[in-house]
Amino acid sequence: MTAGALPPAEAASNTATDRVRRWRLVLGGDGAGPGSGLAEAQLSEEDSGVDAVLAALYDRPDEEAAGGPRSANLGASAPRVARWLGDIRRYFPSTVVQVMQRDAVDRLGLTRMLLEKELLSAVEPDVHLVGTLLSLNSVLPEETKETAREVVRKVVGELEERLAERTRAAIRGALDKASRTRRPRPGDVDWSRTIHANLKHYSPQLRTIVPEKLIGFGRRQQAVQRDVILAVDQSGSMAESVVYSGLFGAVLASMRALKTSFVAFDTEVADLTEHLADPVDVLFGTQLGGGTDINRAIAYCQGLVERPERTLLVLISDLYEGGDEDELLHRIAELAGAGVQVVTLLALSDSGAPSYDHENAAALAQLGIPAFACTPDQFPDLMAAAIRGDDLQAWVARETS
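Residues numbered from 1 in each chain as written. Predicted model: local features only at pLDDT ≥ 70, side-chain atom pairs only at ≥ 80, totals over all residues. Heavy atoms only, no water.

Q: Please set out the overall build of the protein chain residue by residue, giving values where relevant.
A: Counting its secondary structure elements, the protein chain contains 15 helices and 8 strands. Considering the protein chain as a whole, with its 401 residues, one finds that 45% of them fall into the buried category. Long-range contacts, defined here as pairs at least 24 residues apart, represent 72% of the contacts in the protein chain between residues at least 6 apart. Of the roughly 20,200 Å² of accessible surface on the protein chain, a fraction of 50% belongs to carbon and sulfur atoms. (Helix = DSSP H or I, 4+ residues; strand = E, 2+ residues; numbered from the N terminus. Buried < 20%, exposed > 50% of the residue type's maximum accessible area, 1.4 Å probe, protein only. Contact = heavy atoms within 4.5 Å. Areas by Shrake-Rupley, 256 points an atom, 1.4 Å probe, with all protein chains shown as cover.)

Q: How would you sum up the pattern of salt bridges? Please name residues and give values.
A: Evaluation of the coordinates by the stated rule reveals 13 salt bridges. For D377, the salt bridge is made with R162, and the minimal N-O distance between the two is 3.2 Å. In this pair, D377 sits in the loop between β8 (371–374) and α14 (379–388) while R162 sits in helix α7 (residues 142–178), placing the two residues 215 residues apart along the sequence. Among the residues examined, D377 registers a relative accessible area of 35% and is labelled partly exposed. (Salt bridge = Lys/Arg side-chain N within 4 Å of Asp/Glu carboxyl O.)

Q: How would you sum up a nonpolar patch on the surface? Please name residues and give values.
A: On the surface, a cluster of nonpolar side chains totalling about 390 Å² of accessible area is made up of W191, I195, L199 and L214. Topologically, W191 is positioned in helix α8 (residues 191–197). (Patch = residues over 30% accessible without salt bridge, like charges linked within 9 Å, V, L, I, M, F, W, Y side chains within 5 Å.)

Q: An account of helix α2 (residues 45–58) is needed here, citing residue identities and associated values.
A: Taking 1.5 Å per residue as the helical rise, α2 with its 14 residues ought to reach 20 Å, and the 20 Å between its terminal C-alpha atoms agrees with that figure. Inspection of α2 places D47, G49, V50, D51, V53, L54, A56, L57 and Y58 among the buried residues, and these make up the whole buried set. (Expected span 1.5 Å × (residues − 1).)

By themselves, these figures tell us nothing about what the structure is for.
Okay, structure coming up:
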């Protein structure tokens, strides 16, 4: 036996005790059931604290607790909710805290947690919380609105740090590649690519490469090289996508080579382009919830197109259409036929496979319009591929394989 190792019998006992402890925390005292040996399990002071915060959220009323896993029952005054928010941050990592907060809001309807300044200050900010706040924007008390903006700004700042510069770099590279020329001026020669392309033309006599073709950068233009229109569905199911869309819209708008428009829609259309200098202003300009009229939004976007062959329209929607589906498909076909590059993102989020209208997605595919879900980390590469004119269907196949 190695030094410090427990005897086999004692190690097995500790493992069994830990297993009982874990099941006791999962099921709760009532859920464990009599005679199981779990209800009588001894919990440490730390475990008792964990059990208490789990019980506050997940234990059912006594008359319903007849064994089985924990459900939901956080009935509490505002001070108790505030203490509970602090306790879960003490016992669990931030990722678990965010899940428990969402459970408290979604399953128990604790929207008051987000309507009171003191409680809102205690929550762990994340993208889902921002989406909930945006959906409550119209009913937030005045004294709470500034706190809500601070929460949203914190989340947006973290997302910008992770995604903004990578997005700019990917798009700058794509624009540079799109503007390369085979007849460059001397100062515009891309020597690295020129040498690589002419290695087979090395002359032993001259002991150098004799380039047969030059590859260079096009002159950097101060003028706008691409027009980008983001058309963002702000129905309730698209909350997370709205948050990321607002961030990316602001990032794209910060690039001189792009002319970026941001259109949010439900049954109405809101052009938020003038707010793109601040993604928080963009997000608070949205109105999450309500129905969906994609056709109306696309009709508005048609009016924004000035240079069809230089325009990229990104429709971010689950394609559940409350308006005229036939006219919607006709409009999109018109845009594509005029030279506009149209891409449909069924979701722009990290939440896994989205729910979407399969029939409309299939109809778009028949028009040659790719429709797929995209994560925020994939979005910079997607935009770069679109600007370069890559085959996006092939790009999607590579990313999802």
